[in-house]
Amino acid sequence: MRFLSYVLVSITTLCLYNLWQKMKYERFSMRLTAKKLIIMGLLIIGLGTFFDFDANRAERMLDDGDEQLGEYYGSMRSKYIKFMGFDYDHVKFDEIGKDLKADPAPKEKSVEQKKVELKEDIKDDAPREVKELVPEEEEIEENVKQDAAELAAVAESMNKEPQAAGDRANHADLMISAKNQPDIPKDDPRLPKFIVVGVMKCGTGATQHFLHNHPDLQQAKQETYFFNNDHKYLELGYDWYLNLYRFPTHDGQMNYEKTPTYYKSVRAQPRIKAMNETVKLVNIVCDNVRRTLSRFLHLQHGVGIEKFKEDKLDGFGHTLDEFNRNLKITLKKFGDFLEDVKQNEGHGTMEGLVNALLVRFKRRMRPFGIHATKDPIELILSDGFYAVFHQRWMEVFPKEQMLVLDGSKYLTEPWIPLKAIQQYIGVQEYITKDNFMVNPGGLPCFIEPGKSKEQVDCLGSGKGRTLDKRFHKEVTLGLHKLFQPFDDYFAKKVLGRPSFGWDFGLDSL
Ligand SMILES: Nc1ncnc2c1ncn2[C@@H]1O[C@H](COP(=O)(O)OS(=O)(=O)O)[C@@H](OP(=O)(O)O)[C@H]1O
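Residues numbered from 1 in each chain as written. Predicted model: local features only at pLDDT ≥ 70, side-chain atom pairs only at ≥ 80, totals over all residues. Heavy atoms only, no water.

Caption draft 1: Structural detail: the environment of Phe483. By secondary structure assignment, the location of Phe483 is in helix α18 (residues 473–494). Between the alpha carbons of Phe483 and Phe385 there is a distance of 7.9 Å; along the sequence they are 98 residues apart. If we ignore the near neighbours within four places in the chain, the residues touching Phe483 are Asn288, Arg291, Thr292, Leu381, Gly384 and Phe385. (Helix = DSSP H or I, 4+ residues; strand = E, 2+ residues; numbered from the N terminus. Contact = heavy atoms within 4.5 Å.)

Printed below as a string of structure tokens:
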């Protein structure tokens, strides 16, 4: 196939050359002269360089059709961006946010005023189910507990500053191996065969909701937060964990779970590996700008229905307008901070920055640790540095063991990521395009086989909050500027793709 790709490009080039000859001299000859060969060679190199021609990509395009064409479009887009002078290795992070105009500081509001504004902000939201709000609360609680334990260990090791980056990088592994491990009932048929490890707000719920219809798959009764929680893992142990699963009902049926915060855990990886060395992992990433908005709306809604305390929104803003204002301030500070890390810890390159952030992630230092990062918005933003977290997983698992998917596709063509998952985990492709109904402007819903389009199964009304909301123009641009170098780096370096082409909010500017 690779050879075929080269032959195709050569033939096209030859035809173009002959056409040009015909137009110029009104004559046509297929004879291969030395001059023709040289010009053809130059054309191939020129076109190849300009279009970033890659035989593997052409091969995949031929194999996979639409999706790869989309990818190729992404490559052209990133060529254009580079041509216009945007190159992630030369991104000056401290420039991010500099062009955002500062708003006058808002006057301090009373709690009553905040409540009125909050009600106004979410007045169009339909009532939400409470179930989906539990994870966020649990996660934060867990992080606080875990950070306390981890900080104690880090403090101890800080007395002896690690000499090399490698020492620091291994710090978290050492901490994990020093702890007692629970007994693992390796033969229990309830153990999961694959795990969806993240990312929060990227469509993990949609994945589970749709896979639920697959006869050969059986999901855990809830998001477990088992491998990233010391109390659950070390004290409640596998008895507790396995109780969250049913026994498979037939041969070949697989159990699985999804916990959308595993991807940003520093200790889940060796624990999962200890359970099953060949377990398959799925990570669903998505447009970081939409993800940031989704995280805020989730919190805001929780406060709106009094599930979370009012002060949970203090660091973010009580309304979307306030969140926009605070984001502007954070973007400026965060850009300066990242540039500083890039220059002082990352040798001034993007690769160096990602490596430096990995070290910081393992040590729960800003911008990752709840205690080390004073600005909660920064915490939400840094959750989107997928390349950093991915590197941690790749230290423990080979790359074939993790499937990374673009969750943005769930909004329009959910069958594409679902097909990839079914293929990857090795079950029959039972869920296909025919199972979906996509409402224009709405979210795709599932049509069960044999049922009519009137009986579609949609996700709860707690999903889809970002459909009709956007950040202010400047904030949208500032966020894209922050994330694009990270996203492109991840796409290119880790997935061998030119870019994801994420553009949430840019179409309406
Ligand atoms: N088909 C379909 N149905 C429902 N929701 C869909 C679908 N496809 C994508 N999405 C988007 O998924 C976003 C929520 O992601 P998660 O399920 O990962 O969130 S969570 O972390 O489990 O809370 C959720 O984000 P919000 O828009 O903020 O609600 C949805 O936009």
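Text resumes after the structure shown.
Caption draft 2: Looking closely at the environment of Ser499. Position of Ser499 among the secondary structure elements: in the segment after α18. Here the side chain of Ser499 touches Gly501 through a polar contact of 3.1 Å, landing on its backbone nitrogen. (Polar contact = N/O pair within 3.5 Å; in protein donor to acceptor, adjacent residues only side chain to side chain.)

Caption draft 3: Structural view of the sheet that holds strand β5 (residues 402–406). Pairing in this open sheet of five strands is parallel, and the strands run β2-β3-β1-β4-β5 from one edge to the other. Looking at the sheet topology across the chains shown, the edges are occupied by β2 (217–219) and β5. Strand-to-strand twist in this sheet, taken as the mean axis angle between neighbours without regard to direction, amounts to 25°. Pairing analysis gives three bridges linking strand β1 (residues 194–198) to strand β3 (residues 254–258), with the strands arranged parallel. When the sheet's bridge partners are listed, Phe194 is paired in β3 with Tyr256. Sitting on the sheet, helix α17 (residues 415–425) is in contact with β1, β2, β3, β4 (280–285) and β5, with an inclination near 170° to β5. (Pairing = 2+ DSSP bridges. Axes fitted to C-alpha atoms, helices over the stretch in contact; angles between N-to-C directions.)

Caption draft 4: View of the nonpolar core. The biggest cluster of nonpolar side chains holds 102 residues, and the ones touching the most others in it are Phe227, Ile272 and Trp393. In this view, Trp393 contacts Val197, Tyr262, Tyr263, Ala268, Gln269, Ile272, Leu281 and Met402; residues no more than four positions away in its chain are not counted. (Core = buried A, V, L, I, M, F, W, Y, C linked by side-chain atoms within 4.5 Å. Buried < 20%, exposed > 50% of the residue type's maximum accessible area, 1.4 Å probe, protein only.)

Caption draft 5: Spotlight on the pattern of salt bridges. Tallying each qualifying case throughout the model produces 18 salt bridges. Measuring nitrogen to oxygen at the nearest pair gives 2.8 Å for the salt bridge that ties Asp188 to Arg190. Grouping residues by exposure puts Asp188 and Arg190 together as buried. Between Lys362 and Glu395 there is a salt bridge, and its shortest N-O distance comes to 2.9 Å. Of this pair, Lys362 sits in helix α14 (residues 350–362) while Glu395 sits in helix α16 (residues 386–396), and the two are 33 residues apart along the sequence. Overall, Glu395 belongs to the partly exposed group, its relative accessible area being 38%. Within the structure, one salt-bridge network assembled from shared partners comprises Asp230, Arg267 and Arg271. (Salt bridge = Lys/Arg side-chain N within 4 Å of Asp/Glu carboxyl O.)

Caption draft 6: Spotlight on the state of the cysteines. All told, the structure shown has two disulfides when counted by the stated rule. Covalently, Cys445 is tied to Cys458 through a disulfide, its sulfur atoms 2.1 Å apart. In this structure, the disulfide formed by Cys445 and Cys458 twists by about 105° around the S-S bond and is classed as right-handed. One end of the pair, Cys445, is in strand β7 (residues 444–446); the other, Cys458, is in the loop between β7 and α18, and 13 residues separate them in sequence. Since its relative accessible area comes to 2%, Cys445 is described here as buried. For Cys458, a relative accessible area of 35% puts it in the partly exposed group. (Disulfide = S-S within 2.5 Å.)

Caption draft 7: Quick look at the site of the ligand. In the region of the ligand, 23 residues are neighbours, and Thr204, Gly205, Ser294, Gly464 and Thr466 sit closest. Within the contact set of the ligand, an oxygen atom lies 3.3 Å away from a backbone nitrogen or oxygen of Cys202. Within the backbone of Arg465, a nitrogen or oxygen atom sits 3.0 Å from an oxygen atom of the ligand. Of all the secondary structure elements, the ones that give two or more residues to the shell around the ligand are α9 (204–211) and α12 (288–304). Looking at the shell around the ligand element by element, the count peaks at four residues for α9. Considered class by class, the residues forming the shell around the ligand number ten nonpolar, seven polar and six charged. (Near = heavy atom within 4 Å. Nonpolar A, V, L, I, M, F, W, Y, C, P; charged D, E, K, R; others polar.)

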